[in-house]
Amino acid sequence: KAVSKLVEKALNKTSIDDKIAAKLGHNAGGAKGIAGFVFALLLLLVVVTALNVAQLNFVSEPLTAMLTQVLDFLPKLALAGVLAYVVVMVANLVKQLLSAVLSAAKLDERLGSATGTAPVSGAIVTSVYCLLLLLFTPAVLDVLGIEAVSTPIQAVVTQITSAVGPILIAGVLIAVGCLIGNIAKRLVTNLLEVVNANEFPSKIGLNIPTEGARSVSGIVGFLVMLSVVILTFTS
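Residues numbered from 1 in each chain as written. Predicted model: local features only at pLDDT ≥ 70, side-chain atom pairs only at ≥ 80, totals over all residues. Heavy atoms only, no water.

## Observations regarding the packing of helix α6 (residues 119-144) against helix α7 (residues 147-194)
Stated precisely, the cut-off is as follows: What counts as an axis is a line fitted to C-alpha atoms, over the stretch in contact for a helix, and the angles between N-to-C directions run from 0 to 180 degrees. Only DSSP runs of H or I reaching four residues or more are called helices, and only runs of E reaching two or more are called strands; each is numbered from the N terminus. For a crossing to be left-handed, the near helix must be turned anticlockwise from the far one by less than a right angle; the clockwise case is right-handed. In what follows, residue pairs with any heavy atoms lying within 4.5 Å of each other are defined as contacts. Gly falls in the polar group here, along with every residue not listed as nonpolar (Ala, Val, Leu, Ile, Met, Phe, Trp, Tyr, Cys, Pro) or charged (Asp, Glu, Lys, Arg).
The contact between α6 and α7 brings their axes to 9 Å, and the two run at 150°. Considering how the two elements wind past one another, α6 and α7 form a crossing that is left-handed. Here L131, L134, L135, T137, P138, L141 and D142 of α6 come into contact with α7, specifically with V149, S150, I153, Q154, V157, I160 and T161. Tallied by class, the residues present in the contact of α6 with α7 amount to nine nonpolar, four polar and one charged.

Okay, structure coming up:
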């Protein structure tokens, strides 16, 4: 009890558990839980020692085996905790930097979002944050030696990382296709306006606007742009 109380007081004074909990998104730390774990571990050690003194080996041997496994696991747990803490810190730093960059670039406003909202940049930042956590999760689980969990997660991470390259390439191709399609639309629209193609429908009795997106030049230009974008998508 004395040792567990000392551990709890030390954690409360240093606020280490609160800082770790804050990094992980929790409001309060686990000082009482850690102190309780220390108490239970020391109590188990005392019980095993007492049983050995009493020569009750048939009772002490299973407890000794369990205590040995716990003590062997504690260094792994501590190392995994440190690694997880570092990963969360790095992910939060990348999240803040990326959010600042996208905010400075005014990505959401350029895409037509209302001022003060960040639907696109927020989704991108959250996706990158979750991806970073997912990438390093198998490493943390490997430290703990939990292969039954780390192996399937590693397979999922491998599939995701292998798909990132093609997705980026596809995104670039789509962006290039939209840019080329928009340029082709303007060229065709301007060319048709120069030859007065918008006046042709009225000469043959058709009631079609001579200006705007519903004019001949607007419709043909849109179709040209759509064709270029579709060709880019299918490539």
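## Topic: a nonpolar patch on the surface
This is how the line gets drawn: Like-charged residues are merged into a patch within 9 Å and nonpolar side chains (Val, Leu, Ile, Met, Phe, Trp, Tyr) within 5 Å, provided each residue has over 30% relative accessible area and no salt bridge. The method behind every accessible area is Shrake-Rupley, applied with a 1.4 Å probe, and residues are considered shielded solely by the protein chains displayed. By definition, a salt bridge exists where a carboxyl oxygen of Asp or Glu is found within 4 Å of a side-chain nitrogen of Lys or Arg. Only protein chains enter the accessibility calculation, which uses a 1.4 Å probe; a residue whose area is less than 20% of its type maximum is buried, one above 50% is exposed, and one in between is partly exposed.
A contiguous nonpolar patch, built from I219, F222, L223, L226 and I230 and spanning about 430 Å² of accessible area, is present on the exposed surface. Among the structural elements, I219 can be located in helix α9 (residues 216-234). The partly exposed category is assigned to I219, whose relative accessible area is 41%.

## Digging into the side chain of E8
We count it as follows: Counted as positive: Lys and Arg. Counted as negative: Asp and Glu, with His and the chain ends omitted from the count.
Within the secondary structure, E8 is located in helix α1 (residues 2-14). Here E8 is buried and forms no salt bridge, its nearest opposite-charge partner K5 lying at an N-O distance of 4.4 Å. With residues near it in sequence (within four places) discarded, E8 still touches A31, K32 and A35.

## Considerations on the packing of aromatic side chains
Heads up, the rule is: Any Phe, Tyr or Trp ring, taking Trp's six-membered ring, that has another such ring centre within 6.5 Å forms a pair; planes under 30 degrees apart are called stacked, those over 60 apart edge-to-face, and the others tilted. Each ring is checked for a lysine NZ or an arginine CZ that lies within 6 Å of its centre and within 35 degrees of its normal; such an atom marks a charge sitting over the ring.
Throughout the structure, instances matching the rule amount to zero aromatic pairs. Over the face of the ring belonging to Y129 we find K95, whose NZ or CZ atom lies 4.8 Å from the ring centre.

## Digging into α6
Note the following rule: In this analysis, the expected span of each helix is defined as 1.5 Å times one less than the number of residues it contains. Bending is quantified residue by residue as the angle between axes fitted to the seven-residue window ending at that residue and the seven-residue window starting at it.
Between the first and last C-alpha of α6 there are 37 Å, a value that for 26 residues agrees with the 38 Å anticipated at 1.5 Å per step. Most pronounced at F136, the bend in α6 amounts to some 30°, and the proline P138 follows within four residues. Those residues of α6 that fall on the buried side of the exposure criterion are S121, V125, Y129, L132, P138, V140, L141 and L144. Positive phi appears at G145, one or two residues downstream of α6, with a value of about 80°.

## Some words on a positive patch on the surface
We apply this condition: Where a charge lies is defined by one atom per residue type, namely NZ (Lys), CZ (Arg), CG (Asp) and CD (Glu).
A contiguous patch of positive charge on the surface is contributed by K1, K5, K9, K13 and K32. If one sorts the elements of the positive patch by residue count, α1 sits on top with three residues. Take K32: it is sitting in helix α3 (residues 31-53). For K32, a relative accessible area of 67% translates into the label exposed.

It is worth stressing that arrangement in space is one thing and function is another; only the former is reported here.
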